[in-house]
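# Descriptive structure summary
Listed below are the residues making up each chain.
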Amino acid sequence: MGGKTNIWQGTLALMVLETLESMGSLHGYGIARRIEQTRGGLLSLNYGILCPALLKLEQEGAIVSDRASRKITDAQSSTS
Amino acid sequence: MRRLRALWIRICGTLGNKRESMELDEELESHLQMHIEDNVRSGMSEAEARRQALTHLGGLEQTREAYRERQRLPGLETLCQDVRFGLRMLLKSRGFTVVAVLTLGLGIGANTALFSVLNAVLLNPLPYPHAEELVTVHAAKQNFNEGSISYLNFRDWQRDNKALAALAVSRGTGYILTGTGASEEVRGELVSSDFFPLLGVKPVAGRLFASHEDEIGQEPVAMISSGFWKRKFGAQPDVIGNPLMLDGRDYTIVGVLPATFNLAISNFRASDVYVPIGQFQNPALNDRSAGLGIHGIARLRPGVTLKQAQADMERVSRNLETTFPAEDQGIHAKLVPFKESLVRDVRPLLLVLMGAVGFVLLIACVNVANLLLARANARAQEFAVRSALGASRARLLRQLLTESLTLSVLGGVLGLALAALGTRIIVKMLPENLPRETGIHIDWLVLCFTALISLASGILFGFAPALKMFKRDVQSTLRLGGRSIGSANNRTQDSLVVFQMALALVLLIGAGLMIRSMVKLSNIDPGFHSRGVLTFGLEAPPAMSGAGPDAIRAYLREAQRKIAMTPDIEAVCFSWAALPMMSDDEQSFWLEGEPKPGNQNAMRSSIRYLVGADYLRVMGIPLLKGRFLSEADDDRAPRVIVIDEVFAKKFFGNVDPIGKRIHLDQFDDAATVIGVVGHVNQWGIDNDAVNPLRAETYQALMQLPEQQLSLVAFGMDALARSKSGAIPSFKGIESSVTQMNHEQVVYNPEAMDDVVSETLSSRRFAMTLLAVFACTALVLAIIGMYGVISYIVGQRARDIGIRMALGANRGEVLRWVLRRGSRLALTGAACGFLAALVLSQVIAGSSLLYGVRPYDPWTFTGVTALMMAVALSACHVPARRATRIAPMKALRTE
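Residues numbered from 1 in each chain as written. Chains lettered and ligands numbered in written order. Predicted model: local features only at pLDDT ≥ 70, side-chain atom pairs only at ≥ 80, totals over all residues.

Along chain A, the regular secondary structure elements total 4 helices and 3 strands. In sequence order, the secondary structure elements of chain A are arranged as α-β-α-α-β-β-α. A total of 80 residues make up chain A; the buried ones form 34% of that total. For chain A, the share of sequence-separated contacts (at least 6 apart) that also reach a separation of at least 24 residues comes to 46%. (Helix = DSSP H or I, 4+ residues; strand = E, 2+ residues; numbered from the N terminus. Buried ≥ 20, exposed ≤ 12 C-beta atoms within 10 Å, placed from the backbone. Contact = placed C-beta atoms within 7 Å.)

Written as structure tokens, this is what we have:
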């Protein structure tokens, strides 16, 4: 599955965490838009890539989800 | 940690519910809506906005797929699916499953059980810190490779060596305990102070012996075992400092050893009480030439190798040889690693058995592989369809292997249950010389072993059918439409059966050789009649300790008379020194006319029995010439000696030995030979013939010098023969003895029959297990043979039908099937025969055989014939079935 993305493994996770830390709780769509914006439109992030990445972060306990919006966990924000 | 957490959630996701997919759908939907709204806001038409959003999303189904793969573990999911499918298939054909699981269970169970023995005995590390540095120490001398060390030599070795961190000695003994409840015999060990510190043993109460406490003339102190502490003192901590009366002397208890301390090495056995070696009440303790049954243990200095240590001890021994030529000539220290001295006797036996049991598992695997092959033919259709629908070879192989692994895991579980049972049976059967039997149980290493062999066998028997499956052409299989492929050759199956037969024959020959050895051994005459003879220990009351020689002789006569009056006792005799197959002792001597040798080691030696007049009657040893010792041969009569036939032949040749005189070491007057008796197998039935020390002498107990006679009362052996031929009742003897004096004790009763059979116990153990394994192997191989022949008959039913329709008679069909079977059996037997020729050399190398050559023609031909007969009768059943095929029916079903 990792082979389908053009983004380095782990880079996407960092971008997501960075976004969530600066913006607070966000919807998945919001995260995607924000990442595209901050990269000045150089990156087109389709949801098929973002969605499993978000799930991975959630499984690892880095973020928590509440229905469709996500926010960073305490442990993660204090270490990052 | 985070990875683990994610993995755990994914495993849960795989096994858990499907609720999440609803949430995903909702989220995707809202995501899409937001995107469309954004697009509309930026000026697109509704339709364009939707189209753009959908493109950007990158495919709904792919997203779902990616999400699902992340949510769960795809590999695990397929595995679960395959296992579930496999289990369903196994449930569908119950007969096959039961046979396969039972076969595997037997094979794996036998392996696990034996491995748990092997693990406890050979592999487990000894429970001592740096156990690899521990060695046992002996004195190598003329007749004893690992003889006992004299106390004075021990002190010199201890002082002069540079390679050992510590050297300690021990010697087993027995005491009468009085003043603490009823008087009883307790097992004791005399040890030097370094014994426990060297092993790293710490006391649970009190202290160990202090460094000079073990010297001669120190205050009597004692340590006790935890068991003894509990039994006698209720584990009271204030027992330290209390007196303990042993053999009428007061010892102060200074410490208690931990309950975990349970060492049994060379002559040392864990005991009730431990006393410093300097307390040994034997005047010969200060005699440099007297070994007295003392053996040592030592710890090498860190970094010193065994070879270096041995060389250093050699230097010390050589120095002593020059300083004390009379006593120490030819005496050398010998070091043997702990592990080696524990396992060297049983290692070959266990390895041979492990090999045998491995063969059994192989045969079991081959059997299951054969069953699977037959099934694979039946399932060819199923797999052809799957592969036509796009399943890759890897996927199919994976499923087949999952199925066979499921089988093997089931077999492994059953095997573990059987092993738990089998281990218990094996522990009961274990010969006494197998060390550390208490440690035999199923631990994690055994579990790993079971898991490993289960999986390995699963892969082993799973691969053959899987590979065969792929050789098939999908199209032609589909076209055949599920009918069996009669033309497919059975070469794989045939060679598997041949392989099985060969393995089984090897095992059968091995077992046959062992059984022949055992038969040979049981026909050997030990030289005495053990039936109806009981041996036991007797200790005089502590009051006798200071008595003079006349009082002791009077006591011995009285005790013998009292015991002889016990009902059903025909004869009683006391013995000191050696007893056949139980204890040994030697007598140094020189013949009359020879100059007196300069030292003890230059003298001739023989086994020494010190007995009473009734010894021949009790033991049933034949008198060949002259007379035996009599009651009249006592301290007032001239010194006499009786020799055995081996002695007579070795030292007197054809000359009549009666009247010849022998000078015995440590006696001033020469002894006159008065009689010749039959030879007794001192060293056990199987080892006597090869022992260098075989000449035997008998001396009268009553003619012992005063110094030694005083020791006799502290523990001698007694032998009693019953009138009826039954084992004499120990209870009866005990009551006769206590009637005479309640402070004297009898202990350790042992039927002579048991003693004799004990010397063969490890052979019997190996033989029984090998025979059981060989029979299992034979049964499995025969089942395999039967299965394959039945399968062939089933496949060739139409063929046979046509032949019969064309006029073949039943006899011809029968012969055809039998020829097929016997060809397999013969090929297998030929391979097995050759393999057995090679492998029986291994058994021969392990000294498990006795009186049988490793290529014993009788065993080889007999066993091969037996196996052929059994194999052919196994073929006969399907062959008969073939003759009953009705031609019309066979033709119609096709």
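Right, picking up where we left off after that structure.
The number of helices and strands found in chain B is 28 helices and 23 strands. Whereas a compact globule of 894 residues would reach a radius of gyration of roughly 29 Å, chain B reaches 38 Å, over 25% beyond that. Considering only C-alpha atoms, chain B reaches an extent of 130 × 90 × 55 Å along its principal axes. Here chain B holds 894 residues, and 42% of them are scored as buried. Within chain B, contacts between residues separated by at least 24 positions form 83% of all contacts whose residues are at least 6 apart in sequence. (Rg over C-alpha atoms; globule rule 2.2 N^0.38 Å.)

This part covers the interface of chain A and chain B. Contact residues are listed per partner, giving 14 residues for chain A and 21 residues for chain B. Among the elements of the structure, α2 (28–38) and α3 (47–59) of chain A are those that each provide at least two residues to the side of chain A that touches chain B. For the side of chain A that touches chain B, the element with the highest residue contribution is α3 of chain A, accounting for 7 residues. Here the residues of the side of chain A that touches chain B are counted per class, giving 7 nonpolar, 5 polar and 2 charged. (Nonpolar A, V, L, I, M, F, W, Y, C, P; charged D, E, K, R; others polar.)

To continue, consider the nonpolar core. All names here are of chain B. Counting 127 residues, the largest nonpolar core has Ala 222, Val 273, Val 618, Leu 701 and Ala 720 as the members making the most contacts within it. Summarising the domain contributions, this core has at least three residues from each of domain 2 (142–330) and domain 4 (541–743). One finds Ala 504, Leu 513, Phe 773 and Val 852 within the second-largest nonpolar core, a separate group that totals 107 residues. (Core = buried A, V, L, I, M, F, W, Y, C linked by C-beta atoms within 7 Å. Domains from an automatic or database assignment.)

Attention now moves to the confidence of the model for chain B. Residue and element names in this part refer to chain B. For chain B, the mean per-residue pLDDT works out to 86, and 96% of the residues sit at or above 70. Element-level pLDDT for chain B is lowest in helix α16 (residues 474–480), with a mean of 69, against a maximum mean of 95 in strand β18 (residues 640–644). In the predicted complex, the global pTM is 0.74; the interface-specific ipTM is 0.74. (pLDDT = per-residue confidence, 0-100.)

Glancing now at the UniProt feature "domain: MacB-like periplasmic core" (unreviewed entry) in chain B. All names here are of chain B. With numbering aligned to this structure, UniProt lists the feature "domain: MacB-like periplasmic core" (unreviewed entry) at residues 97–315 and 596–702. Counted over residues 97–315, helix gives 27% and strand 28%. Its end C-alpha atoms are 68 Å apart. Measuring from the first to the last C-alpha atom of residues 596–702 gives 26 Å, for a span that is 12% helix and 31% strand. (UniProt positions renumbered as here; feature names shortened; annotations may be inferred.)

Moving on, we come to unusual backbone geometry. All names here are of chain B. Of note in this structure, Asp 247 is not a glycine but carries a positive phi near 50°. On the secondary structure map, Asp 247 appears in the loop between β6 (243–246) and β7 (249–256). On the neighbour-count criterion, Asp 247 (22 C-beta atoms within 10 Å) is buried. Despite not being glycine, Met 581 has its phi angle at roughly 65°, a positive value.

Right, let's get into the pairing of strand β13 (residues 533–539) of chain B. Residues and elements named next belong to chain B. Along β13, 5 of the 7 residues are buried, which leaves the element largely enclosed by surrounding structure. Summarising the sheet, β13 and strand β22 (residues 716–722) pair through 6 bridges and their orientation is antiparallel. By the bridge assignment, Gly 537 is partnered in β22 with Asp 717. Of the strand pairs in this sheet, β13 and strand β23 (residues 745–751) are connected by 5 bridges, and their pairing is antiparallel. Along β23, the bridge assignment pairs Leu 538 with Val 746. (Pairing = 2+ DSSP bridges.)

Now for the sheet that holds strand β3 (residues 69–72) of chain A. Residues and elements named next belong to chain A. Sheet architecture is open: 3 strands sit in the order β1-β3-β2, paired in antiparallel fashion. Every interior strand has two partners, whereas the edge strands, β1 (26–27) and β2 (63–66), have only one. Judged from the 2 bridges that link them, β1 and β3 form a sheet pairing that is antiparallel. Bridge pairing in β3 links His 27 to Ser 69.

Moving on, we get to the UniProt feature "transmembrane region" (unreviewed entry) in chain B. All names here are of chain B. Taking the UniProt record as the reference, the feature "transmembrane region" (unreviewed entry) is found at residues 96–118, 349–373, 405–427, 439–463, 496–515, 765–794, 824–852 and 858–879. The span residues 349–373 shows a helical share of 100% and a strand share of 0%, and its end C-alpha atoms are spaced 36 Å apart. The span residues 405–427 carries 100% helix and 0% strand; its end-to-end C-alpha distance comes to 31 Å.

What follows deals with the packing of helix α13 (residues 347–388) of chain B against helix α15 (residues 444–471) of chain B. Between two packed helices, the angle of one axis relative to the other and the distance separating the axes together describe the packing. Residue and element names in this part refer to chain B. Their axes nearest at 8 Å, the elements α13 and α15 cross at an angle of 40°. In this view, α13 runs oblique relative to α15, as classed from their interaxial angle. Here the hand of the crossing between α13 and α15 comes out right-handed. Where α13 abuts α15, its residues Leu 361, Cys 365, Val 368, Ala 369, Leu 372, Leu 373, Ala 376, Ala 380 and Phe 383 lie against Ile 453, Ser 457, Leu 460, Phe 461, Ala 464, Pro 465, Lys 468 and Met 469. Tallied by class, residues from the contact of α13 with α15 come to 15 nonpolar, 1 polar and 1 charged. (Axes fitted to C-alpha atoms, helices over the stretch in contact; angles between N-to-C directions. Parallel < 35°, antiparallel > 145°, perpendicular 65-115°, else oblique. Left-handed = near helix turned anticlockwise from the far one by under 90°.)

Bringing the domain arrangement of chain B into the picture now. Residue and element names in this part refer to chain B. Here chain B is partitioned into domain 1 (2–72), domain 2 (142–330), domain 3 (347–522 + 761–893) and domain 4 (541–743). Relative to domain 4, the C-alpha centre of domain 2 lies at a distance of 29 Å. Taken together, the 16 residues of domain 2 in the interface contact 17 residues of domain 4. Residue assignment for the side of domain 2 that touches domain 4 shows that the elements contributing at least two residues are β2 (164–178) and α11 (325–328). Split into classes, the residues belonging to the side of domain 2 that touches domain 4 amount to 4 nonpolar, 10 polar and 2 charged.

Before going further, it helps to examine the confidence of the model for chain A. Residue and element names in this part refer to chain A. For chain A, the mean per-residue pLDDT works out to 73, and 75% of the residues sit at or above 70. Looking over chain A, one finds the lowest element-wise mean pLDDT in helix α4 (residues 74–79), namely 49, and the highest in helix α1 (residues 11–23), namely 84. For residues 1–5, every residue scores under 50 in pLDDT, and the model assigns this stretch 5 contacts once sequence neighbours within four places are set aside.

Another point: the environment of Ile 453 of chain B. All names here are of chain B. Within the element layout of this structure, Ile 453 appears in helix α15. Separated by 45 residues in the primary sequence, Ile 453 and Ser 408 have C-alpha atoms spaced 9.0 Å apart. Every residue in contact with Ile 453, bar those within four places of it in the chain, is listed here: Ile 108, Asn 111 and Leu 361.

This next bit is on α3 of chain A. The α-helix advances 3.6 residues per turn, and as a result positions three or four apart in sequence lie on the same side. All names here are of chain A. Helix length check: α3, at 13 residues, gives a terminal C-alpha distance of 18 Å against a target of 18 Å (1.5 Å per residue), a fit within 8%. Most of α3 sits out of view: 12 of its 13 residues are buried. Taken together, the buried positions of α3 are Tyr 47, Gly 48, Ile 49, Leu 50, Cys 51, Pro 52, Ala 53, Leu 54, Leu 55, Lys 56, Leu 57 and Gln 59. Just beyond α3, the residue with positive phi is Gly 61, at close to 85°. (Expected span 1.5 Å × (residues − 1).)

Right, let's get into the packing of helix α26 (residues 810–845) of chain B against helix α27 (residues 857–883) of chain B. All names here are of chain B. Remark: α26 packs on α27, axes separated minimally by 8 Å, with the N-to-C direction vectors making an angle of 150°. As summarised for this structure, α26 and α27 are arranged roughly antiparallel, according to the angle between their axes. The two elements α26 and α27 meet at a crossing, and its hand is right-handed. Packed against α26, whose contacting residues are Arg 810, Val 813, Leu 814, Val 817, Leu 818, Gly 821, Ser 822, Ala 825, Ala 829, Phe 833 and Ala 836, the element α27 presents Phe 860, Thr 864, Met 867, Met 868, Ala 871, Leu 872, Cys 875, Pro 878, Ala 879, Ala 882 and Thr 883 at the interface. Of the residues contributing to the contact of α26 with α27, the split by class is 17 nonpolar, 4 polar and 1 charged.

Residues and elements named next belong to chain B. Structurally, Arg 796 is set in the loop between α24 (761–795) and α25 (797–805). On the basis of neighbour counts, which here come to 20 C-beta atoms within 10 Å, the residue Arg 796 falls in the buried class. With 607 residues separating them in the primary sequence, Arg 796 and Glu 189 have C-alpha atoms 75 Å apart.

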